[in-house]
Amino acid sequence: MAATDLHALLKSLRVWSPEVTELRPFDPAAAPAAPLPLFTTWFAEAVAAGQPEPHTVSLATSDDEGRADVRIVMLHGADADSWSFASHATSRKGHQLSARPYAALAFYWPVLGRQVRLRGPVTAAPSEESQADLHARSTGALAAALTGRQSSPLSSLAELRTESEAAWERARADPAVPSPTWTLYHLRPEEAEFFQGDPDRRHVRLRYMAEPDGGWRRELLWP
């Protein structure tokens, strides 16, 4: 595709078309005192509104030289202390989190014109907790965790197929087989921002900031 075709295609696209997006009113004054209850409500509403894969989230990290990186991962849970995701400790993101244990998460639910952004320090869960997380998932998830060496160079798709088939056999034969490098990570937010799109571009942005006493301070941001 030529660059001119790309620009024309971009100009033809619309954000938050009324046919597919419902921009709901959001009153930040009525928001709860902590971010988790609001996140839980917004997540449930995204599911109810038919948002595809609402549990996928962009994870941003940086390497030991401070260079940014980002990819899509899956949310594994959230509680009053942290939001959780998982990967191999030996993967690219695993090495980056080991070097710089700080990250950001960004959820985007276009069916409601909403975003949720969080950032804060990241800790690795103990092995027992990480393995329990893995084994609570599907056989396919276990097989994927047992396949190859995530983020390492791959010689061919044939090698991937061979390793994957062997991993599927192991996962079916022994659903409790460990994947030693599989790690559950917990991001403890220092900031949590909720963004609600508005048809007149008067978007509402509410930011929560963690206080030393464990509470949260809230403020509005210009869109």
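Here the residue index of a chain counts from 1 through its sequence in written order. In view of the model being predicted, local features appear only for residues whose pLDDT reaches at least 70, and side-chain atom pairs are presented and counted only at 80 or more, with totals across whole chains, interfaces and linings using the full set of residues. Side-chain metrics in this entry use all non-hydrogen atoms of the structure; hydrogen atoms and water are not considered.

**Some points on the overall build of the protein chain**
Item 1. Scanning the protein chain from terminus to terminus reveals 6 helices and 10 strands.
Item 2. Principal-axis analysis of the C-alpha atoms gives the protein chain an extent of 55 × 55 × 40 Å.
Item 3. Here the term buried applies to any residue with accessible area under 20% of the maximum for its type, exposed to any over 50%, and partly exposed to those in between, with areas from a 1.4 Å probe on protein chains only. Taking all 223 residues of the protein chain together, 36% fall into the buried category.
Item 4. Here, residues are in contact when the closest pair of their heavy atoms is within 4.5 Å. Summarising the internal contacts of the protein chain: among those between residues at least 6 apart in sequence, 64% fall at separations of at least 24. Secondary structure elements are taken from DSSP: a helix is a run of H or I of four residues or more, a strand is a run of E of two residues or more, and numbering for both begins at the N terminus.

**A look at the environment of Ala31**
Item 1. Locating Ala31 in the fold gives a position in the loop between helix H1 (3-12) and helix H2 (35-48).
Item 2. Owing to a relative accessible area of 11%, Ala31 belongs among the buried residues under this scheme.
Item 3. Ignoring anything within four residues of it in the chain, the contact list for Ala31 reads Phe26, Leu38, Leu206, Tyr208 and Arg218.

**A word on the side chain of Gln131**
Item 1. Within the secondary structure, Gln131 is located in helix H4 (residues 127-135).
Item 2. The exposure class assigned to Gln131 is buried, which follows from its relative accessible area of 11%.
Item 3. Setting aside anything within four residues of it in sequence, one finds Gln131 in contact with Pro178, Ser179, Pro180 and Trp182.

**Some remarks on the side chain of Thr61**
Item 1. Assignment of secondary structure puts Thr61 in strand E1 (residues 56-62).
Item 2. Polar contacts, as used here, are pairs of N or O atoms within 3.5 Å; protein pairs need one atom able to donate a hydrogen and one able to accept it. Residues neighboring in sequence count only if both atoms are side-chain atoms. A distance of 2.4 Å separates a polar atom in the side chain of Thr61 from a polar atom in the side chain of Gln96.

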